[in-house]
Amino acid sequence: MTPEETKAFEARIRAYVGREQGAPKRGHDDVNRAMIRHWAEVTGDENPVYTDAEFAASSSKKGIIAPPTMLLIWAMEGYPMAHPQAGRADVQRELHNVFEAHGFTGVLGTNTVTEVYRDLRPGDQVTSHTVIDNISEPKKTARGYGYFIETVTKFTDQNGEDVGRQVFRTLRFMPNAAPVAADAAAAGGAARLEVPTR
């Protein structure tokens, strides 16, 4: 992109900062013992306060609780979120579409920071509220040239009280292979591209 095109592109993406991804979304399922048990089994977490009602009742927790690592799980939408219906893209998807249209086709989840304010128990209902919080200055990374995007999700319960918060950071980038191929084509040669294994 020319300097003018880059300036216009950055103005467009930064207009998304501070916008809500969409309406608050309540999880499809309330916190429940079956999903807690499945999670504990899959992750190998043998803490009995998650699965043994008698032990949990006699513990400081006074009953079954969900592992804190499940906070996001209660609000996740499932597979449909990866394949939105035409015309129903949320604000975050719109932002990623802008990146893709300008050649930033690579995407990598880099890290999350999660805060849990209270234990969740069977019967609790979790609603997520997500905001596009920050877009970095352009960065040159090992993966390619791109921008880090941070979203902040607040989680509330059935009473509207905060139960947790998560910051999620992704990198949208131009894969390094793309400039290599372009340079080779300009020189009249062929580039040998390395295909990522994952």
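The structure displayed is predicted, hence computed values, not measured ones. Each chain has its residues counted from 1, following the order in which its sequence is written. Given that the model is predicted, a residue must reach a pLDDT of at least 70 before its local features are reported, and side-chain atom pairs must reach 80 or more before they are shown or counted; all residues, however, enter totals for whole chains, interfaces and linings. With hydrogens and water excluded, all non-hydrogen atoms of the structure serve as input to the side-chain values.

### A look at the overall build of the protein
Then, number 1: Looking only at helices and strands, one finds five helices and six strands in the protein.
Then, number 2: Put simply, DSSP marks the helices as runs of H or I at least four residues long and the strands as runs of E at least two long, and each gets a number from the N terminus on. Counted from the first residue to the last, the protein has its helices and strands arranged as α-β-α-α-α-β-β-β-β-β-α.
Then, number 3: Note on contacts: a residue pair is in contact if any heavy atoms of the two residues lie within 4.5 Å. Put simply, 69% of the contacts in the protein that link residues at least 6 apart link residues at least 24 apart.

### Re unusual backbone geometry
Then, number 1: For Lys62, which is not a glycine, the phi torsion comes out positive at approximately 60°.
Then, number 2: Here Lys62 lies in the loop between helix H3 (53-58) and helix H4 (91-101).
Then, number 3: Throughout this description, buried means an accessible area under 20% of the type-specific maximum (1.4 Å probe, protein chains only), exposed means over 50%, and partly exposed covers the range between. Here Lys62 falls in the exposed class, since its relative accessible area comes to 63%.

### Quick word on the confidence of the model for the protein
Then, number 1: Looking at the protein as a whole, the pLDDT averages 89, with 83% of positions reaching at least 70.
Then, number 2: Per residue, pLDDT captures the predictor's confidence, and it can take any value from 0 to 100. The secondary structure element of the protein with the lowest average pLDDT is helix H5 (residues 177-186), at 49, and the one with the highest is H3, at 98.
Then, number 3: Confidence over residues 179-186 falls short of pLDDT 50; this stretch has six contacts with residues more than four positions distant or in other chains.
Then, number 4: Low pLDDT, under 50, characterises residues 190-198; the predicted model gives this stretch six contacts beyond four residues in sequence or across chains.

### Section: the pairing of strand E6 (residues 162-175)
Then, number 1: Being paired, for any two strands, means DSSP has found at least two bridges between them. Looking at chain direction, strand E2 (residues 106-116) and E6 are connected through 10 bridges and run antiparallel. Bridge pairing in E6 links Gly106 to Phe173.
Then, number 2: Relative to E6, strand E5 (residues 144-156) is paired through 13 bridges, and the arrangement is antiparallel. The residue of E6 that forms the bridge with Thr156 is Asp162.
Then, number 3: What sits between E5 and E6 in their antiparallel hairpin is a turn of five residues, with Gly160 showing a positive phi close to 80°.

### Regarding helix H2 (residues 33-43)
Then, number 1: Identification of polar contacts relies on pairs of N or O atoms within 3.5 Å, with a donor-acceptor requirement for protein atoms, meaning one able to donate a hydrogen and the other able to accept it, and with residues adjacent in sequence counted only if both atoms are side-chain atoms. For H2, the capping residue at the N-terminal end is Asn32, with a side-chain oxygen 3.3 Å from the backbone nitrogen of Ala34.
Then, number 2: Phi turns positive one or two residues past the end of H2, at Gly44, with a value near 75°.

### Considering the pattern of salt bridges
Then, number 1: A side-chain nitrogen of Lys or Arg and a carboxyl oxygen of Asp or Glu constitute a salt bridge if their distance falls within 4 Å. Taken as a whole and assessed by the stated rule, the structure comprises 11 salt bridges.
Then, number 2: Put simply, Asp119 and Lys61 hold a salt bridge, and the shortest N to O gap is 2.9 Å. With Asp119 in the loop between E2 and strand E3 (127-135) and Lys61 in the loop between H3 and H4, this pair connects stretches of sequence that are 58 residues apart.
Then, number 3: Taking relative accessible area as the criterion, Lys61 reaches 30% and is therefore assigned partly exposed.
Then, number 4: The closest approach of N and O atoms between Asp157 and Arg118, which form a salt bridge, is 3.0 Å. Taken as a pair, Asp157 in the loop between E5 and E6 and Arg118 in the loop between E2 and E3 lie far apart in primary sequence, 39 residues in all.
Then, number 5: If you follow the salt bridges from partner to partner, you end up with Arg93, Glu100 and Arg172 in one network.

### So, helix H1 (residues 3-14)
Then, number 1: Under the convention used throughout, the expected extent of a helix is 1.5 Å for every residue step, that is, one less than its residue count. Between its first and last C-alpha atoms H1 spans 16 Å; for 12 residues at 1.5 Å apiece the expected length is 16 Å, and the two agree.
Then, number 2: Those residues of H1 that sit buried are Phe9, Glu10 and Ile13. Buried residues of H1, viewed axially, fall in a sector of 95°; they line one side. Facing away from the buried side of H1 by more than 90 degrees, the exposed set consists of Glu4, Lys7, Ala8 and Ala11. For this quantity, the arc is that covered by the directions from the helix axis to the C-beta atoms.

### Brief notes about the environment of Leu171
Then, number 1: Here Leu171 lies in strand E6.
Then, number 2: Here Leu171 falls in the buried class, since its relative accessible area comes to 3%.
Then, number 3: In this view, Leu171 contacts Gly106, Val107, Leu108, Thr110, Thr141, Arg143, Gly146, Tyr147 and Phe148; residues no more than four positions away in its chain are not counted.

### Thoughts on the pairing of E3
Then, number 1: As defined by bridge partners, strand E1 (residues 25-26) adjoins E3 across two bridges and the pair is classed as antiparallel. When the bridges of E3 are listed, Arg26 appears paired with Thr127.
Then, number 2: In terms of strand pairing, E3 meets E5 through eight bridges, oriented antiparallel. Directly across from Ile135, in E5, lies its bridge partner Ile149.

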